Amino acid sequence: MSDTSSDGVLAQRRVRTLAALTVPAILIGVVSGLILFGLDEAAHLLQLLLWEDLPGAVGMDPESGWWIFGMLTLTGAAVGLIARYVPGHAGPDSAESELAESALPIGVVPSLAAAAVLGLAGGVSLGPENPIIAINAAVLTVLVGRLFPKVPGKLIVGMTIAGTVGALFGTPVAAALLFTGIVGSTAGAGALFDKLFLPLVAAGAGAVTMNLVGGTLLDITVPAAENVNGWDILAAMIIAPLAAAFGLLGIFAFRWAHRMFHRLQNPVLFTTLGGALLGLLGVIGGPLTLFKGAEESSKLLSTPGESFGTLLLLAVVKLCALVTAAAAGFRGGRIFPSVFIGVAFGLAAGALVPEVPVSVVVSAAVLGLVLAAARDGWLALFIAVVITGDVSVTALLCLAVLPAWLVVTNAPHMLADDDGGRGSAAPKT
């Protein structure tokens, strides 16, 4: 009887604790969304200046090879100068760090934000995920720590990751799936949903905030499939692991490229070199292969009739650009460019098997590429379903993810110091 009474007291205390922490969780989600919106808007305004206003003022075509090469080379030099000389040195290299396990010192934020904005605006093939999570964690650890001093710092960081992921994708579902694997493996009393409660509150607040002020950053529309048959399922189960293997080629190349770039030691040198190589890749692939890839994915999907060779070239160039940007010291994440690579790879596969619906080939390829880059099956499934907006492919993708997972499970992550075999690690953003 006493055990039952004690359990009841603990349960009530847990409910009161969760209810009390709801307020800082909402604050964390709202601030995470606002900072993401501010960083994305700053990058957008700078992008307009660099790629529209400035070339127009000097009478040059921003899509010309010279402008693309020059702008990316200068972007690399600017990011290198920040990493070398500005206090904070743009934070840790994205190629050497995972999701924020602890908050960076607040003094790192200005240089990290500047490097991230320059990369996003300058055409570098990385997304905002990694730096925005680090920035939000640093800011909110200070802010929430002052307003709610009893909230543990590790909990603040966890809720910040959830709030930022919810804001990035415009829904708390992504954060719920991401955290299911993380919190489900942690010890402690309480049901799984008790452990997910606060991350979901933060993610929901972040998603609502971002939708109110700016909308999701991943706004891609794929034509829905009229019906899905057995051949479509087979096609998805072939395309997804092939796309995952294609992504792994980039990861193995990344590890070599990172060593080569960092032999130069000085970030001004290797980031400028990386920018020049990105410029050359941009000249080869054209404007579609620049930037983080979200808007470019939409443009590619709205341009029907591209040949298999052209689409495969776009996928190869973008994968090389992602590898170069990640290895050369730029600050950014891999999810958004992986989506573009998946779209191009899927459309290329669709050019070979035109009978298979576009939503099937594209979602299966995106699933495989994101799985290789992030190494999280739930997140890869979520993104693949979201970009199609087609519920009919959900069951199909749940089958396609299985052979794709076997391809990536023992392969190294896209981290400079990873030796593989980390299938249970947190996803790399």
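Looking up the chain in an unreviewed UniProt entry gives the name Ion channel protein, with the organism given as Arthrobacter gallicola. Word for word, the UniProt comment on the chain under Subcellular location (unreviewed entry) is "Membrane".

(A) Up close: the packing of aromatic side chains. In this structure the tally under the stated criterion is four aromatic pairs. Aromatic side chains phenylalanine 169 and phenylalanine 382 sit 6.0 Å apart centroid to centroid with 80 degrees between the ring planes, which places their arrangement in the edge-to-face category. Taken together, the positions of phenylalanine 169 in helix H5 (residues 153–169) and phenylalanine 382 in helix H14 (residues 377–388) put the pair 213 residues apart, joining distant regions of the chain. Each member of the pair, phenylalanine 169 as well as phenylalanine 382, carries the same accessibility label: buried. Centroid distance phenylalanine 246 to phenylalanine 345: 5.2 Å. Interplanar angle 35 degrees. Geometry classified as tilted. Of the two residues, phenylalanine 246 is situated in helix H8 (residues 230–262) and phenylalanine 345 in helix H12 (residues 335–352); the sequence distance between them amounts to 99 residues. Of the two residues examined, phenylalanine 246 and phenylalanine 345, each falls in the buried class. We note lysine 318 situated over the ring of phenylalanine 340; from NZ or CZ to the ring centre the distance is 5.5 Å.

(B) View of the packing of helix H2 (residues 65–85) against helix H3 (residues 109–122). Taken N-terminus to C-terminus, the directions of H2 and H3 make an angle of 175 degrees; their axes are 10 Å apart at the nearest point. By the criterion of interaxial angle, the relationship of H2 to H3 is roughly antiparallel. Only Ser111, Ala114, Ala115, Leu118, Gly119 and Gly122 of H3 make contact with H2, whose side of the interface consists of Met71, Leu72, Thr75, Ala78, Val79 and Ile82. Looking at side-chain class alone, the contact of H2 with H3 contains eight nonpolar, four polar and no charged residues.

(C) Representation of the packing of H14 against helix H15 (residues 394–408) within the structure. At a minimum axis separation of 10 Å, H14 and H15 run at an interaxial angle of 140 degrees. With respect to each other, H14 and H15 are oriented oblique. Once H14 is placed against H15, the crossing between them reads as right-handed. Contact residues: Gly377, Leu381, Ala384 and Val385 in H14; Thr394, Leu397, Cys398, Val401 and Trp405 in H15. Class assignment of the residues belonging to the contact of H14 with H15 gives a composition of seven nonpolar, two polar and no charged.

(D) Region of interest: the environment of glycine 145. Its location among the elements puts glycine 145 in helix H4 (residues 129–147). Glycine 145 sits in the partly exposed class, given a relative accessible area of 28%. Those residues in contact with glycine 145 that sit more than four places away from it in its chain are Leu140 and Ile156.

(E) Inspection of H8 at higher detail. If you check H8, its first and last C-alpha atoms are 48 Å apart, about what 33 residues at 1.5 Å a residue would give, namely 48 Å. For H8, the N-terminal cap is asparagine 229; the gap from its side-chain oxygen to the backbone nitrogen of tryptophan 231 is 3.0 Å.

(F) Structural view of the nonpolar core. Core analysis: the largest hydrophobic core is formed by 120 residues, its most contacted members being Phe169, Leu218, Val362, Leu367 and Ile383. Here phenylalanine 169 is in contact with Ala174, Thr216, Leu218, Ile335, Leu379, Phe382 and Ile383, once residues within four sequence places are set aside. Membership of the second largest hydrophobic core comes to 13 residues, among which are Leu18, Leu21, Ala25 and Val144.

(G) Region of the structure containing the environment of glycine 333. Tracing the sequence through the fold places glycine 333 in the loop between helix H11 (308–327) and H12. Taking the C-alpha atoms as reference points, glycine 333 and leucine 322, 11 residues apart in sequence, are found 9.4 Å from one another.

Definitions and limits used
- Residues numbered from 1 in each chain as written.
- Predicted model: local features only at pLDDT ≥ 70, side-chain atom pairs only at ≥ 80, totals over all residues.
- Heavy atoms only, no water.
- UniProt positions renumbered as here; feature names shortened; annotations may be inferred.
- Phe/Tyr/Trp six-rings, centres within 6.5 Å; stacked < 30°, edge-to-face > 60°.
- Helix = DSSP H or I, 4+ residues; strand = E, 2+ residues; numbered from the N terminus.
- Buried < 20%, exposed > 50% of the residue type's maximum accessible area, 1.4 Å probe, protein only.
- Lys NZ or Arg CZ within 6 Å of the ring centre and 35° of its normal.
- Axes fitted to C-alpha atoms, helices over the stretch in contact; angles between N-to-C directions.
- Parallel < 35°, antiparallel > 145°, perpendicular 65-115°, else oblique.
- Contact = heavy atoms within 4.5 Å.
- Nonpolar A, V, L, I, M, F, W, Y, C, P; charged D, E, K, R; others polar.
- Left-handed = near helix turned anticlockwise from the far one by under 90°.
- Expected span 1.5 Å × (residues − 1).
- Polar contact = N/O pair within 3.5 Å; in protein donor to acceptor, adjacent residues only side chain to side chain.
- Core = buried A, V, L, I, M, F, W, Y, C linked by side-chain atoms within 4.5 Å.

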